[in-house]
Amino acid sequence: QVQLVESGGGLVQAGGSLRLSCAASGRTFSRYVLGWFRQAPGKEREFVATISWSGGSADYADSVKGRFTISRDNAKNTVYLQMSSLKPEDTAVYYCAAGSYYLTSTRDYDYWGQGTQVTVSS
């Protein structure tokens, strides 16, 4: 069982940066693949980034490649999403998730945080 709590969201101007954090409870944190997803108003939740259990591999949605970086610190039970060159279309609630497989579908993740709002103004 893993409980996830996101933080770091807020309001930022286009071109700015934010770093999201997701703190996890549970002693088996390092065994999980971790992902970030987002959901804009009226849209389905979509994949943003995922990172392997060791942190050695990461994958990104095309829309954020080169701008976002996912990382994890297993000693701190925390996963991060560094977001740069933010655009208004990045506005959404951002969720972190934990799962057993290095995949990009919401169906592949078993545990979810409550989400944190990111708003990018133009």
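For the structure, see preceding data.
As the structure is a computational prediction, the values presented were derived from the model and not from experiment. (Residues numbered from 1 in each chain as written. Predicted model: local features only at pLDDT ≥ 70, side-chain atom pairs only at ≥ 80, totals over all residues. Heavy atoms only, no water.)

Draft legend 1. Fine view of the layout of surface pockets. Its boundaries defined by the atoms lining it, the largest pocket holds a volume of some 160 Å³. If you trace the largest pocket, you find 13 residues lining it, with Arg-38, Ala-40, Lys-43, Glu-46 and Glu-89 closest to the centre. (1 Å grid on protein atoms, 1.4 Å probe; cavity = no way out; pocket = protein on both sides within 12 Å on 5 of 7 lines; lining within 4 Å. Points joined across faces, edges and corners; volume = space filled by probe spheres on them.)

Draft legend 2. Examining the environment of Leu-81 more closely. In this structure, Leu-81 sits in strand 8 (residues 78-83). For the pair Leu-81 and Phe-68, spaced 13 residues apart in sequence, the C-alpha separation works out to 6.7 Å. Those residues within four positions of Leu-81 in sequence are excluded, and the remaining contacts are Leu-18, Arg-19, Leu-20, Trp-36, Val-48, Ala-49, Phe-68, Thr-69, Ile-70 and Tyr-94. (Helix = DSSP H or I, 4+ residues; strand = E, 2+ residues; numbered from the N terminus. Contact = heavy atoms within 4.5 Å.)

Draft legend 3. A look at the pairing of strand 9 (residues 92-99). Counting buried positions along strand 9 gives seven out of eight residues, so the element sits mostly inside the fold. In terms of strand pairing, strand 4 (residues 33-39) meets strand 9 through seven bridges, oriented antiparallel. Bridging across to strand 9, Arg-38 finds its partner in Tyr-94. Pairing geometry for strand 9 and strand 11 (residues 116-121), over three bridges, is antiparallel. In the strand pairing of strand 11, Ala-92 is matched with Val-118. Here strand 9 runs beside strand 10 (residues 109-112); their pairing, made up of three bridges, is antiparallel. When the sheet's bridge partners are listed, Ala-98 is paired in strand 10 with Tyr-111. (Buried < 20%, exposed > 50% of the residue type's maximum accessible area, 1.4 Å probe, protein only. Pairing = 2+ DSSP bridges.)

Draft legend 4. Broad picture of the sheet that holds strand 1 (residues 3-7). One open sheet accounts for four strands, arranged 1-3-8-7; its pairing is antiparallel. Every interior strand has two partners, whereas the edge strands, strand 1 and strand 7 (68-73), have only one. Direction aside, the axes of adjacent strands within the sheet are offset by 15 degrees on average. Judged from the six bridges that link them, strand 3 (residues 18-25) and strand 8 form a sheet pairing that is antiparallel. Across the sheet, the residue bridging to Ala-23 is Thr-78, located in strand 8. (Axes fitted to C-alpha atoms, helices over the stretch in contact; angles between N-to-C directions.)

Draft legend 5. Representation of the state of the cysteines. Using the criterion set out here, one finds one disulfide in the structure. Between the sulfur atoms of Cys-22 and its disulfide partner Cys-96 the distance amounts to 1.9 Å. A residue pair is termed long-range when its members are at least 10 positions apart, and Cys-22 in strand 3 and Cys-96 in strand 9 qualify at 74 residues. Of the two residues, Cys-22 and Cys-96, both sit in the buried class. (Disulfide = S-S within 2.5 Å.)

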